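# Examination of the molecular architecture
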Amino acid sequence: MFRDIPEDEALATVDAAWNDGIRYFDNAPFYGAGLAEIRMGEALAARPREDYVISTKVGRIILDEVEDVSARDLGEKGDVFKYGRPNRIVNDYSEDATLRSIEDSLKRLRTDRIEIAWVHDIAQDFYGDEWLSMFESARRGAFKALDRLRDEGVIKAWGLGVNKVEPVELLLDLDEPRPDGSLLAGRYALLDHDRALQRLMPKAEQRGLGIVVGGPYSSGALVGGPNFEYAPATPAILDKVARIKAIADRYGISMKAAGLQFSLAHPAVAAVIPGASRPSRITEDSAALNEVVPADFWMELRRAGLINPEAPVPGNI
């Protein structure tokens with residue numbers, strides 16, 4: 001997303017994940033204009049297909065023609081993935097484009113099936129005031145196509161893959177179609193979870209839908225990085241991070257452990273995607289999952305107003 005990752009490093013990262021026991025791999029045509037899917041297809045080609053789950057996304061078609069990467073209109077996201085392929089990216093949430101997107105992804109991933117399809121980025125951060133019209137286009141096209149593909153057994157599940165809570169709320173308020181869950185990035189994280197906790201997670205839990213949490217480190221801000229939500233972190237966010245870290249340091253807890261274990265504590269959460277970009281990150285994430293975090297740490301975060309008092313935490317305290 002932010003740097004030019006050599007191919008051997010990308011492949012080694014997937015190998016490290018596999019060797020650590022990870023069997024769920026998320027992707028999207030948008031990531032590097034197909035580059036991420038191509039690399040993942042190569043990395044997993046020799047693995048038994050029945051042993052792992054792939055999710056990818058629909059809503060963007062990758063063409064053979066090239067474009068000026070710096071001229072892409074990516075809403076709030078600026079020049080993310082500028083180190084990917086220069087292939088032209090076309091936003092299209094129609095039924096035909098959805099079917100083509102899945103077909104193209106299968107080729108890039110070198111597989112005969114994908115388990116989960118997320119409808120990608122139909123939200124305010126990419127489309128601004130036009131997001132509702134993009135959502136309506138997906139409702140008439142992608143949603144119906146994915147419902148049918150699931151019923152036919154081509155995919156096993158579908159939902160939205162977004163960075164905002166409101167599109168998922170809107171989807172769950174519809175009588176039709178019938179999603180299985182959603183991938184929500186950044187909105188059920190230690191640094192930002194109030195709206196999702198109050199508005200989305202109860203609906204998901206009541207309906208037995210799984211929420212995959214993306215971005216538990218909030219674009220790196222939680223673990224000392226400069227970015228929050230793909231942009232430089234504000235003073236308020238940096239202050240919140242510093243206050244959480246001061247408490248974590250007193251308990252000898254890593255910020256990664258705090259972030260991962262918080263997101264996973266909600267019963268509606270089916271998985272978390274930290275977004276590792278090098279093998280050493282896999283090792284760190286695995287260690288963070290296995291850290292023993294005392295209940296007093298979570299209680300102190302609550303008392304300090306750093307997490308919502310209603311948010312589930314490990315141990316159900």
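Notes on the structure follow. As the structure is a computational prediction, the values presented were derived from the model and not from experiment. (Residues numbered from 1 in each chain as written. Predicted model: local features only at pLDDT ≥ 70, side-chain atom pairs only at ≥ 80, totals over all residues. Heavy atoms only, no water.)

Turning our attention to helix 10 (residues 255–264). The α-helix advances 3.6 residues per turn, and as a result positions three or four apart in sequence lie on the same side. Most of helix 10 sits out of view: 9 of its 10 residues are buried. Of all the residues in helix 10, the buried ones are M255, K256, A257, A258, G259, L260, Q261, F262 and S263. Contacts from the buried residues of helix 10 go to strand 8 (210–214), helix 9 (235–251), strand 11 (269–273), helix 11 (279–290) and helix 12 (295–303). (Buried < 20%, exposed > 50% of the residue type's maximum accessible area, 1.4 Å probe, protein only. Helix = DSSP H or I, 4+ residues; strand = E, 2+ residues; numbered from the N terminus. Contact = heavy atoms within 4.5 Å.)

Now for the nonpolar core. Core analysis: the biggest nonpolar cluster contains 86 residues, and V119, I122 and F143 have the highest contact counts within it. If sequence neighbours within four positions are ignored, V119 has contacts with V58, Y93, A138, A142, F143, L146, W158, G159, L160, G161 and V162. Judged by nonpolar contacts, the second largest core, of 7 residues, contains I116, W118, L183 and A271. (Core = buried A, V, L, I, M, F, W, Y, C linked by side-chain atoms within 4.5 Å.)

That bond from E176 to P177 is cis: its omega, 5°, falls within 30 degrees of zero. For P177, the position within the fold is in the loop between helix 7 (166–173) and strand 7 (181–185). Despite not being glycine, S218 has its phi angle at roughly 55°, a positive value. The phi dihedral of S219 is positive, around 60°, even though this residue is not glycine. Summarising the element assignment, S219 is placed in the loop between strand 8 and strand 9 (227–228).

This part is about the environment of H120. Within the fold, H120 resides in strand 5 (residues 116–120). Overall, the relative accessible area of 6% leaves H120 in the buried class. Taking the C-alpha atoms as reference points, H120 and R60, 60 residues apart in sequence, are found 7.8 Å from one another. The residues touching H120, leaving out its near neighbours within four places in the chain, are A28, F30, Y31, K57, V58, R60, Y93 and G161. A polar atom in the side chain of H120 sits 3.2 Å from the side chain of R60. (Polar contact = N/O pair within 3.5 Å; in protein donor to acceptor, adjacent residues only side chain to side chain.)

This part covers the environment of I54. Here I54 lies in strand 2 (residues 53–58). The exposure class of I54 is buried, given its relative accessible area of 1%. Through-space distance from the C-alpha of I54 to that of R85 is 22 Å; in sequence the pair is 31 residues apart. Excluding anything up to four places from it in sequence, I54 contacts F25, L44, R49, L109, I114, E115 and I116.

Glancing now at the packing of aromatic side chains. The full count for this structure, using the stated rule, is 14 aromatic pairs. Ring geometry for Y251 against F297: centres 6.0 Å apart, planes inclined by 75°, an arrangement best described as edge-to-face. You can see Y251 sitting in helix 9 and its partner F297 sitting in helix 12, a full 46 residues away along the chain. The exposure class assigned to Y251 is partly exposed, which follows from its relative accessible area of 29%. Taking the relative accessible area as the measure of exposure, F297 reaches 0% and is therefore buried. Ring pairing ties together the aromatic residues Y188, Y251, F262, F297 and W298, which thus form one cluster. Taking the ring centre of F30 as reference, the NZ or CZ of R60 above it sits at 4.0 Å. (Phe/Tyr/Trp six-rings, centres within 6.5 Å; stacked < 30°, edge-to-face > 60°. Lys NZ or Arg CZ within 6 Å of the ring centre and 35° of its normal.)

Structurally, K156 is set in the loop between helix 6 (142–151) and strand 6 (157–162). When its relative accessible area of 63% is taken as the criterion, K156 is described as exposed. Between the alpha carbons of K156 and I114 there is a distance of 7.9 Å; along the sequence they are 42 residues apart. Every residue in contact with K156, bar those within four places of it in the chain, is listed here: I114, E115, R150 and D180.

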